[in-house]
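# Architecture and fold: a report
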Amino acid sequence: MNKCYKSTRGNFTATPAAAVLQGIAPDGGLYINPGLSEIDFDWKHCLTLNSLEKAEYILSALLPGYENMKELVVRAYTGKFETEDLTPLVKVGDSYVLELFRGPTSAFKDVALSMLPQLITAARAESGVKNEIVILTATSGDTGKAALEGFHDVDGTQIIVFYPDGGVSPIQRAQMVTQEGKNVHVCAVKGNFDDCQRGVKEAFAAINSSKLLEGSGKSLSSANSINIGRLAPQLVYYFVAYSELVNNGRIKVGDTVDYVVPTGNFGDILAGYFAKLLGLPVGRLVCAANSNDVLVDFINTGVYDARRPFMRTTSPSMDILVSSNLERLLYLASGCNGEFVADCMAKLKSESVYTVPAEVTAAISESFSAGRCSEEETVEEIAKLWNNEHYLCDTHTAVAMSVAEKYRAESKTGAPVVVLSTASPYKFPGAVLKAISGSCEGDEYEQMNRINEITGVPIPRNLACLKEKKELHSDVIERDELLNYVLSVLDVKA
Ligand SMILES: *Cc1c(COP(=O)(O)O)cnc(C)c1O
């Protein structure tokens, strides 16, 4: 078997299927294929394919050894998205907006989380694993629902979702706590997203190192973008956007395109970097941040300093101070130096800060730029796009649109700019309504209806029917109780 995946902390190798099943490497690192730019991949051929064929071609290249990728892709996506190309590209002003939110839960995470259950169940079958796979997930709002939607009632799996109590929008909360299914667990944590993510990683480490699950017939995996099976499907839409620009005559094959990505855990933007390593002519990848701008400072200075206040913003899916996937970029930018990465991560854990050498910062700056957008600018951007372009966007997309404008004003390369749009405006109705009308009275459902009256933009069905659904999950725990919660669901004792 092809053990082409390595842990970013240097000590483990795995086949693609094993990497997907484990979620995170036993040394706490993330799995990555260090030879991505050398694999046999014809990016020009890829551009000629339709969206599902692109997904099949890209996933087969990233995850060699899977049989029947075509069938998995078809099963993952057929009938679940609003449009056949899954992720439409729309021209808005001088930018192109890549709408990633037209899936079953109105979040961009649907693109990956429709696919991940297929990848996990196929990996389980192919490697003869009989264990029940228990998916642990920390969410800043959108991953949770998209993962629940993907995994509910999938045979051989259970899923546990942890979300920050009070740290997600009321719509996001309603989406999760109304989730039906015999294998789902949803739990609020008294803390922020970083607490949830850290708790999940610590639960992995504690359970794996004490071999608690040995003989239990269960093993753990993750639906967060630490899982390579979650990241891989996200490359597809970078190619989709590029093909669209070629097809509508905006560029010729080979011209560069810049992508602006609203960033939290650095997964989405890293997928763009992987696409570039596969040959796609990606110009710059612009990391757009809200007031939690630790990544902007890092990309500009090489100092990752999480010692700053955690801000709750109107774009909560980007309220993160510790971005997991940056670890994969550090690995690549340091020439695949696992020891270096392990050292940075140890410093981050003990001192909440680390500095990388100038060569690493320079390697990162070759492909990445960064910009920030304040809360006031987010509101202004939503209002401006509605008033001037008749385009309604959510708060996360607004952050990226605002950063894209500033970026374009500075860069002047003339390359087309694609902005990744990560959520439906109806997932954050309070902030969106306030931006377009100046007030936001009523509950979230009244706000949705009001936005619909003002704009005529249809409310996605999955959100419109939420109000009628029964709340099924009410667990709330302290942030140090996460491991115990997992153990009680697993029904094993520490
Ligand atoms: C998750 C999410 C992001 C951030 O994506 P990362 O891959 O974590 O960087 C941005 N916007 C929305 C709406 C999200 O749900």
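Look up a bit, the structure's there.
The sections below set out a description of the structure shown in this document.

Rules used throughout
- Residues numbered from 1 in each chain as written.
- Predicted model: local features only at pLDDT ≥ 70, side-chain atom pairs only at ≥ 80, totals over all residues.
- Heavy atoms only, no water.
- Buried < 20%, exposed > 50% of the residue type's maximum accessible area, 1.4 Å probe, protein only.
- Helix = DSSP H or I, 4+ residues; strand = E, 2+ residues; numbered from the N terminus.
- Pairing = 2+ DSSP bridges.
- Near = heavy atom within 4 Å.
- Polar contact = N/O pair within 3.5 Å; in protein donor to acceptor, adjacent residues only side chain to side chain.
- Areas by Shrake-Rupley, 256 points an atom, 1.4 Å probe, with all protein chains shown as cover.
- Nonpolar A, V, L, I, M, F, W, Y, C, P; charged D, E, K, R; others polar.
- Salt bridge = Lys/Arg side-chain N within 4 Å of Asp/Glu carboxyl O.
- Axes fitted to C-alpha atoms, helices over the stretch in contact; angles between N-to-C directions.
- Parallel < 35°, antiparallel > 145°, perpendicular 65-115°, else oblique.
- Left-handed = near helix turned anticlockwise from the far one by under 90°.
- Contact = heavy atoms within 4.5 Å.
- Expected span 1.5 Å × (residues − 1).
- Arc of directions from axis to C-beta.
- Phe/Tyr/Trp six-rings, centres within 6.5 Å; stacked < 30°, edge-to-face > 60°.
- Lys NZ or Arg CZ within 6 Å of the ring centre and 35° of its normal.

## Digging into the pairing of strand β15 (residues 417-421)
Most of β15 sits out of view: 5 of its 5 residues are buried. Burial along β15 is two-sided: the residues Val417, Val419 and Ser421 and Val418 and Leu420 are all buried. Sheet topology places strand β10 (residues 257-262) next to β15; 3 bridges connect them, and they run parallel. Within β15, the residue paired with Asp258 across the bridge is Val417.

## Some details on the site of the ligand
Taken together, 15 residues sit near the ligand, with Lys109, Asp142, Gly264, Asn265 and Thr422 positioned nearest. Between the ligand and Lys109, the relevant distance is 2.6 Å, taken from an oxygen atom to a side-chain nitrogen or oxygen of the residue. Contact distances for the ligand include 2.9 Å between an oxygen atom and a backbone N or O atom of Asp268. Notes on the ligand: free accessible area 380 Å², of which the protein chains cover 98%. Per-class residue counts for the shell around the ligand are 5 nonpolar, 7 polar and 3 charged.

## Topic: the side chain of Ser369
Its location among the elements puts Ser369 in strand β14 (residues 368-372). A polar contact is formed between the side chain of Ser369 and the side chain of Arg284, at a distance of 2.6 Å.

## Looking at the pattern of salt bridges
All told, the structure shown has 20 salt bridges when counted by the stated rule. Residues Asp293 and Arg372 are paired through a salt bridge, measuring 2.6 Å at the closest nitrogen-oxygen approach. Here Asp293 is found in the loop between β11 (282-289) and α13 (294-301), whereas its partner Arg372 is found in strand β14, with 79 residues between them in sequence. Residue class for Arg372 comes out partly exposed when judged on its relative accessible area of 37%.

## Notes on the sheet that holds strand β8 (residues 184-190)
Pairing within the open sheet is parallel, and its 5 strands lie in the order β9-β6-β7-β8-β16. Across the chains shown, the open sheet's two edge strands, defined by having one partner strand only, are β9 (218-222) and β16 (475-478). Averaged over neighbouring strand pairs, the angle between their axes works out to 30° when direction is ignored. In this sheet, β9 lies alongside strand β6 (residues 132-138) in parallel orientation, the contact comprising 5 bridges. In the sheet register, Glu132 faces β9, and the bridge partner there is Lys218.

## Re the packing of helix α17 (residues 375-389) against helix α19 (residues 429-437)
In the contact formed by α17 and α19, the axes pass within 8 Å of each other and the chain directions differ by 60°. The angle between the axes of α17 and α19 places the two elements in the oblique class. Every pair of crossing elements has a handedness; the one defined by α17 and α19 is right-handed. Of the residues in α19, those in contact with Val379, Ile382, Ala383 and Trp386 of α17 are Val432, Ala435 and Ile436.

## Concerning the environment of Ser324
Take Ser324: it is sitting in the loop between β12 (303-305) and α14 (326-333). Sequence separation of Ser324 and Val379 is 55 residues, and the distance between their C-alpha atoms is 28 Å. Aside from chain neighbours lying at most four places away, what touches Ser324 is Leu30, Gln197, Lys201, Ile226 and Asn265.

## Details of helix α15 (residues 338-351)
Here α15 spans 20 Å end to end across 14 residues, near enough to the 20 Å set by a 1.5 Å rise per residue. Regarding α15, the residues found buried are Gly338, Phe340, Val341, Cys344, Met345 and Leu348. One side of α15 holds all its buried residues, which, seen down the axis, span an arc of 165°. Exposed residues on α15 whose side chains face more than 90 degrees from its buried face are Glu339 and Ser350. A side-chain oxygen of the first residue of α15 lies 3.2 Å from the backbone nitrogen of Glu339; this N-cap is Asn337. Phi turns positive, to about 60°, at Ser352, one or two residues after α15.

## Considerations on helix α3 (residues 51-62)
End to end, α3 covers 16 Å across 12 residues, agreeing with the expected 16 Å (1.5 Å per residue, within 8%). Those residues of α3 that fall on the buried side of the exposure criterion are Ser51, Lys54, Ala55, Ile58, Leu59, Ala61 and Leu62. One face of α3 carries all of its buried residues, which in axial projection span an arc of 155°. One side-chain oxygen of the residue at the start of α3 lies 3.1 Å from the amide nitrogen of Leu52, identifying that residue as Asn50.

## Comments concerning the side chain of Thr137
Relative to the helices and strands, Thr137 resides in strand β6. Excluding residues within four positions of it along the chain, Thr137 makes contact with Thr143, Ile159, Ile160, Val161, Phe162, Val200, Ala223 and Asn224.

## As for the packing of helix α9 (residues 193-209) against helix α22 (residues 482-490)
Relative to each other, α9 and α22 sit at 55°, their axes nearing to 9 Å. As summarised for this structure, α9 and α22 are arranged oblique, according to the angle between their axes. For the pair α9 and α22, the crossing hand works out as right-handed. Contacts between α9 and α22 involve Cys196, Gly199, Val200, Ala203, Ala206 and Ile207 from the first element and Leu482, Leu483, Val486, Leu487 and Leu490 from the second. Residues of the contact of α9 with α22, tallied by class, amount to 10 nonpolar, 1 polar and no charged.

## Some thoughts on the packing of aromatic side chains
Pairs of aromatic rings are described using the distance from one ring centre to the other and the angle between the two planes. All told, the structure shown has 11 aromatic pairs when counted by the stated rule. Geometrically, the ring pair formed by Tyr304 and Tyr354 is stacked, given 5.4 Å between the ring centres and 5° between the ring planes. Of this pair, Tyr304 sits in strand β12 while Tyr354 sits in strand β13 (residues 353-355); the two residues are 50 residues apart in sequence, bridging distant segments of the chain. Of the aromatic side chains, those joined through ring pairs into one cluster are Phe41, Tyr57 and Phe239. If you follow Lys91 out to its NZ or CZ, it ends over the ring of Tyr96, 5.7 Å from the centre.

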